[in-house]
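Structural overview for review
Below are the chains, spelled out letter by letter.
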Amino acid sequence: MNLGAGELTATATVAVVAAAVAMPRLEDRQDSVALWAALVPVLTVLVPAGAYWLLARNWAEPISMPRPREYPADSDGLALDIGLVDTADT
């Protein structure tokens with residue numbers, strides 16, 4: 001439920017902040033059109049995503065997250081050291 005409610009809350013927050021804070025500061029009509037042209041795709045994605053997550057609660061079975069495994073290479077930081085080696089010069 002947190003994912004769905006969060007997506008819809010983000011949608012409302014972005015729309016309200018854009019309308020209440022950004023719009024009064026814009027002087028030209030062209031600027032406001034540009035603002036909404038940038039926000040409409042984001043809002044168009046957030047609303048169905050929020051609805052999807054809220055609907056998914058009905059058909060998705062609840063499972064817990066798997067426990068993280070500790071690999072032998074991770075215990076001494078070897079995997080991290082290998083990732084930090086710069087191979088661009090070779």
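Quick caveat, the model's predicted, so the values are computed rather than measured. (Residues numbered from 1 in each chain as written. Predicted model: local features only at pLDDT ≥ 70, side-chain atom pairs only at ≥ 80, totals over all residues. Heavy atoms only, no water.)

A separate point is the overall build of the protein. Helix and strand counts for the protein come out as 4 helices and 0 strands. The order of α-helices and β-strands along the protein, N terminus first, is α-α-α-α. Put simply, 62% of the contacts in the protein that link residues at least 6 apart link residues at least 24 apart. Surface accessibility of the protein: about 7,600 Å² in total, with carbon and sulfur atoms responsible for 64%. (Helix = DSSP H or I, 4+ residues; strand = E, 2+ residues; numbered from the N terminus. Contact = heavy atoms within 4.5 Å. Areas by Shrake-Rupley, 256 points an atom, 1.4 Å probe, with all protein chains shown as cover.)

This brings us to the environment of Asn2. By secondary structure assignment, the location of Asn2 is in helix α1 (residues 2–25). Judged by relative accessible area, Asn2 falls into the exposed class, the value being 71%. Separated by 51 residues in the primary sequence, Asn2 and Trp53 have C-alpha atoms spaced 8.6 Å apart. (Buried < 20%, exposed > 50% of the residue type's maximum accessible area, 1.4 Å probe, protein only.)

The next point concerns helix α2 (residues 29–59). Under the 1.5 Å per step criterion, the end-to-end length of α2 is 45 Å for 31 residues, consistent within 8% with the ideal 45 Å. Burial in α2 covers these residues: Ser32, Leu39, Leu43, Leu46, Gly50 and Ala56. Buried residues in α2 make contact with α1. (Expected span 1.5 Å × (residues − 1).)

The relation between two aromatic rings is expressed through the spacing of the ring centres and the mutual angle of the planes. One pass over the structure, following the stated rule, counts 1 aromatic pair. Both rings, one in Tyr52 and one in Trp53, keep their centres 5.5 Å apart while their planes meet at 75 degrees; by these two values the pair is edge-to-face. Assessed through its relative accessible area of 37%, Trp53 is described here as partly exposed. (Phe/Tyr/Trp six-rings, centres within 6.5 Å; stacked < 30°, edge-to-face > 60°.)

A grouping of Leu3, Tyr52, Trp53, Leu55 and Trp59 is seen on the molecular surface, where their side chains present a nonpolar patch of about 590 Å² in accessible area. Per-element tally for the nonpolar patch: the top contributor is α2, with 4 residues. Residue position: Tyr52 is located in helix α2. (Patch = residues over 30% accessible without salt bridge, like charges linked within 9 Å, V, L, I, M, F, W, Y side chains within 5 Å. Salt bridge = Lys/Arg side-chain N within 4 Å of Asp/Glu carboxyl O.)

One can describe the packing of α1 onto α2 by two numbers: an axis separation of 7 Å at closest approach and a directional angle of 160 degrees. It follows that α1 is roughly antiparallel to α2 by the angle criterion. Between α1 and α2 the crossing geometry is left-handed. Classifying every residue of the contact of α1 with α2 by side-chain character gives 20 nonpolar, 4 polar and 1 charged. (Axes fitted to C-alpha atoms, helices over the stretch in contact; angles between N-to-C directions. Parallel < 35°, antiparallel > 145°, perpendicular 65-115°, else oblique. Left-handed = near helix turned anticlockwise from the far one by under 90°. Nonpolar A, V, L, I, M, F, W, Y, C, P; charged D, E, K, R; others polar.)

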